[in-house]
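Summary of the model geometry
Here's the letter readout for the chains.
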Amino acid sequence: MKGILKRYPLSDILFALISFSASFTVLSLIVATAYVLYDESSLAIHRFGILNFIFSAEWDPVKEVFGAAASLYGTLVTTVLSLLFAIPVSIGIAIFLTEISPHILKTPIGIAIEMLAAIPSIIYGMWGLFTLAPIMANYIEPALQKTLGNIPVVGLLFQGTPQGIDLFTASIVLSIMITPFITSITRDALNLTPDIMKESAYALGATKWEVVKDIMIPYAKLGIYGGIVLALGRALGETMAVAFVLGNNHQISPSLFEAAATITVTLANEFTEADSDIYLSSLFYLALILFTLSFVILAIAKFFLLKVERGYTR
Amino acid sequence: MIYNPSYVRKRKIKSIIALLLSTLAAFLGLFWLGFIIFDVIRHGVEGLNLALFVEDPAPPGIPGGGLRNAFVGQLLIVFYATIVGVPIGLLAGIFIAEYARGTKFARVVSVLSDIMVSVPSIVVGTFIYAILVKPVGNVNFGGIVAVGFLSAIIAAFFGMFLSFLINRLFSVSSETTGKLIKAIVATITVLFGLTVFLILSPKLVDRIQGFNGWAGAISLAFIMIPVVLRTTEDMLSLVPWTLREAAFALGASYYNVIKDIAIRAAITGILTGVILSIARVAGETAPLLFTSFNNAYFTTNMNEPMSSLTVTIFNYAMGPYEDWHIKAWAAALVITLFILFITVVARVIISWRYKG
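Numbers given for residues are sequential positions, taken from 1 along each chain in its written order. Starting at A for chains and at 1 for ligands, labels are handed out in the order in which the entities are written. Where totals are concerned, whole chains, interfaces and linings use all residues; where local detail is concerned, this predicted model gives features only for residues with pLDDT of at least 70, and gives and counts side-chain atom pairs only at 80 or more. Heavy atoms throughout the structure, all of them, feed into the side-chain values; hydrogens and water do not.

Some remarks on the pattern of salt bridges
The salt bridge criterion pairs a side-chain nitrogen of Lys or Arg with a carboxyl oxygen of Asp or Glu, the two atoms within 4 Å. For the structure shown, the criterion picks out 19 salt bridges over all chains. The closest approach of N and O atoms between D195 of chain A and K198 of chain A, which form a salt bridge, is 3.8 Å. Taken together, the positions of D195 of chain A and K198 of chain A, both in helix α8 (residues 195–203) and 3 residues apart, correspond to about one turn of that helix. D323 of chain B is the salt-bridge partner of K327 of chain B, the closest N and O atoms lying 3.0 Å from each other. Remark: D323 of chain B and K327 of chain B occur in helix α13 (residues 322–353); sequence separation between them is 4 residues, near one turn of the helix. Overall, K327 of chain B belongs to the buried group, its relative accessible area being 9%. Partly exposed describes any residue whose relative accessible area lies between the buried limit of under 20% and the exposed limit of over 50%, with all areas from a 1.4 Å probe on protein chains only and scaled to the type maximum. Assessed through its relative accessible area of 21%, D323 of chain B is described here as partly exposed. Each of the salt bridges in this network shares a partner with another, and the network as a whole consists of K302 of chain A together with D114, R230, E233 and D234 of chain B. A run of H or I in DSSP counts as a helix once it spans at least four residues, and a run of E counts as a strand once it spans at least two, with each numbered from the N terminus.

Okay, structure coming up:
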């Protein structure tokens, strides 16, 4: 101790200590979140168990019986659908930004796409509720029902009266929200392709698309995976955009044109109304599940992206 | 086979179609952005007037009134969130980029805060609810932390001013007197900070009575910390190591190197990161839903439930009255323009400062 005091000036030691405690706060916040959520939900964990809670679709505040299946189903469907919509579009945008766009347009269009990520989610929600939902209910969903709704098995997805407040609309809003995340990471990954590889392919007579498809995308594979998994984590935890256009309806229905609930929507709508301990505890349980899910998924995304950093820079 | 003209043509057509689709995707992205912004402006302009900013809400169902309570509440919550979140994020970023550079600890903190950035914000809300809203009757530690940071920042500015004054008034010749003066200034600053804290905290912070503004501010700070931390770390690691070595060679301590070299060189980027993080939390709704909740009346008392723009937008948009919808759109317009403006300015600064 005395050696340290002699070797370093006091200001150095103080500043190091203060800044260390700040960075330690970050660590302890994560641990505290996990612990507090677990502690608050322990009542529900003991009452309903783990698997039983996850696979039970009953959500009845009056009888005080709770199960997460309906919320999990909604979360799963909206996330998967929104990824299906967003992945091709965002990779397309990334290809446009790296290979096609004239040089002057690259920065402005890139910034414009990133603007999509800056718009608050509540704006997406409002826009979805007041503008997109009526369009969906009046034009797009009836059209889908007329065409795809008559095919035997696929048709089940498009049953019911189109109201615009349903899984389908929510997925579209979500897909717009996550597009910029996939785009910016994919673009950065594509940009890392060494020019010499592209030039070699061109020299062999490859077309531009062949260079993109066979050289750049394989090279940027890990980065693209990372971007997709990151977007998955985002879609999973998005609240406000979905809360407006999903209706809060605890049911599992095969149709995409039905109102549903996700974990986040359930939390947003019912948290302040929970009047019994077990109700509140079940909501905390949902939050714990969401926290664990997104933590694991984001860790996977980070794993891919770190691999990209290491593999390409060293 | 390769020289077969029809095969070559087929590949060329395929390429053109694929590139066309990519271009269309880019236009689709721009279309959504344009559509959303256009829609917000179209609906929002209708309700935009002076009354929106200076009047309190009328009773439900009666047209007129404004959203003064929400604007003031939002400003207060974001202000205290910045007061708490920015210093922690900055200091933590400095620690892992400088003192702990290259260590395992730094990597763990960095990766964890990357994950924290994307942790669902509603989960943050539930966490803060459990510790700062649910224990009714307990001391509001969130408020104490916020006031503590506020007084520390005031004291820091006071100390800087004091030492600046002393440097101007006296010219110090010997090293011992210089050290003595420094010690005295430091003591006065610390005492000043403590006094400010002791005066402010009983006045501002009360026991938890349920939903309160402090909880909202702390949950926004939670979201801010990792954002500030990561940008600070990135910007500091962009400063060349040789610059620091040059200062070390002159006998500077690491604290002086950080203060006078590293931060000076990275200050534009760091400030931009801070601004971006404010823009990020200004649009957050989910963490405020069950921390600061909502309040139909004007209040500046952070111990009470406090209305914020975003939560007000949520309630008004979901509400039954046409007048509420118009107000919600107007508030949405204000907040969108604010955030987009800040983001564009920050992006422009970054691309101007860090070209290529």
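Concerning a nonpolar patch on the surface
A contiguous nonpolar patch, built from L148, I151, V153, V154 and L157 of chain A and spanning about 380 Å² of accessible area, is present on the exposed surface. Note that V153 of chain A resides in the loop between α6 (121–147) and α7 (167–191). Patch membership is restricted to residues that have no salt bridge and whose relative accessible area is over 30%. Joining uses 9 Å for like charges and 5 Å for the nonpolar side chains Val, Leu, Ile, Met, Phe, Trp and Tyr. Residue exposure ignores everything except the shown protein chains as possible cover, and the areas themselves are Shrake-Rupley values with a 1.4 Å probe.

A look at the packing of α7 of chain A against helix α10 (residues 221–237) of chain A
Each pair of packed helices gets described by two things: the angle between the helix axes and the distance between those axes. All names here are of chain A. With their axes 8 Å apart at the nearest point, α7 and α10 run at an angle of 155 degrees to one another. In terms of their interaxial angle, α7 and α10 are classed as roughly antiparallel. Of the two possible hands of crossing, α7 and α10 adopt the one that is right-handed. In this structure, α7 uses L174, I178, F181, I182, I185, T186 and A189 to contact α10, whose residues at the interface are G223, I224, G227, I228, L230, A231, R234 and A235. For this classification, Asp, Glu, Lys and Arg are treated as charged, while Ala, Val, Leu, Ile, Met, Phe, Trp, Tyr, Cys and Pro are nonpolar and the rest, including Gly, are polar. Class assignment for the residues of the contact of α7 with α10 results in 11 nonpolar, 3 polar and 1 charged. In this analysis, axes come from line fits to C-alpha atoms, helices being fitted only over the stretch in contact, and the angle between any two N-to-C directions falls in the range 0 to 180 degrees. We call two directions roughly parallel when the angle between them is under 35 degrees, roughly antiparallel when it is over 145, roughly perpendicular when it lies between 65 and 115, and oblique otherwise. It is the rotation of the near helix from the far one that decides the hand of a crossing: anticlockwise by less than a right angle makes it left-handed, clockwise makes it right-handed. Any pair of residues with heavy atoms lying within 4.5 Å of one another is described as a contacting pair.

A few points about the interface of chain B and chain A
Facing the 81 residues of chain B at the interface are 77 residues of chain A. Buried area, as used here, totals the accessible surface that two parts lose on assembly, with accessibility defined by a 1.4 Å probe and the loss added over both. Buried area between chain B and chain A, both sides added, is near 7000 Å², and the carbon and sulfur share of it is 82%. Of all residues in chain B, the largest losses of buried area upon contact with chain A belong to I36, I115 and F127 of chain B, amounting jointly to 8% of the total for that side. One can count 4 salt bridges joining chain B with chain A. Its salt-bridge partner being K134 of chain B, residue E40 of chain A comes within 2.6 Å of it at the nearest N-O pair.

Some thoughts on the environment of I122 of chain B
Among the structural elements, I122 of chain B can be located in helix α5 (residues 121–133). Spatially, the C-alpha atom of I122 of chain B lies 8.4 Å from that of L288 of chain B, the residues being 166 residues apart in sequence. Setting aside chain neighbours within four positions, we find I122 of chain B in contact with T239, T264, L267, A268 and L290 of chain A together with A286 and F290 of chain B.

Things to note about the packing of aromatic side chains
All names here are of chain B. Classification of ring pairs uses Phe, Tyr and Trp, with its six-membered ring standing for Trp, and accepts pairs whose centres are within 6.5 Å; under 30 degrees between planes counts as stacked, over 60 as edge-to-face, and the remaining range as tilted. Scanning all chains against the criterion turns up 41 aromatic pairs over all chains. Measuring from centroid to centroid gives 6.3 Å for W241 and F248, while their planes differ by 55 degrees, and the two rings are tilted. Residue class for W241 comes out partly exposed when judged on its relative accessible area of 34%. The exposure class of F248 is partly exposed, given its relative accessible area of 29%.

With respect to the confidence of the model for chain A
For chain A, per-residue confidence averages 89 on the pLDDT scale, and residues scoring 70 or more make up 97% of the total. When the elements of chain A are averaged for pLDDT, helix α1 (residues 2–7) of chain A gives the smallest value, 69, and helix α4 (residues 69–100) of chain A the largest, 94. Per-residue confidence from the predictor is reported as pLDDT, a score between 0 and 100.

As for the side chain of S175 of chain A
Residues and elements named next belong to chain A. In this structure, S175 sits in helix α7. Taking relative accessible area as the criterion, S175 reaches 7% and is therefore assigned buried. S175 has contacts with S82, F85 and A86, leaving out every residue within four places of it along the chain.

Structural notes on the environment of T336 of chain B
Structurally, T336 of chain B is set in helix α13. Here the side chain of T336 of chain B touches A332 of chain B through a polar contact of 2.5 Å, landing on its backbone oxygen. The definition of a polar contact used here is a pair of N or O atoms within 3.5 Å, where within protein one atom must be able to donate a hydrogen and the other to accept one, and adjacent residues in sequence count solely through side-chain atom pairs.

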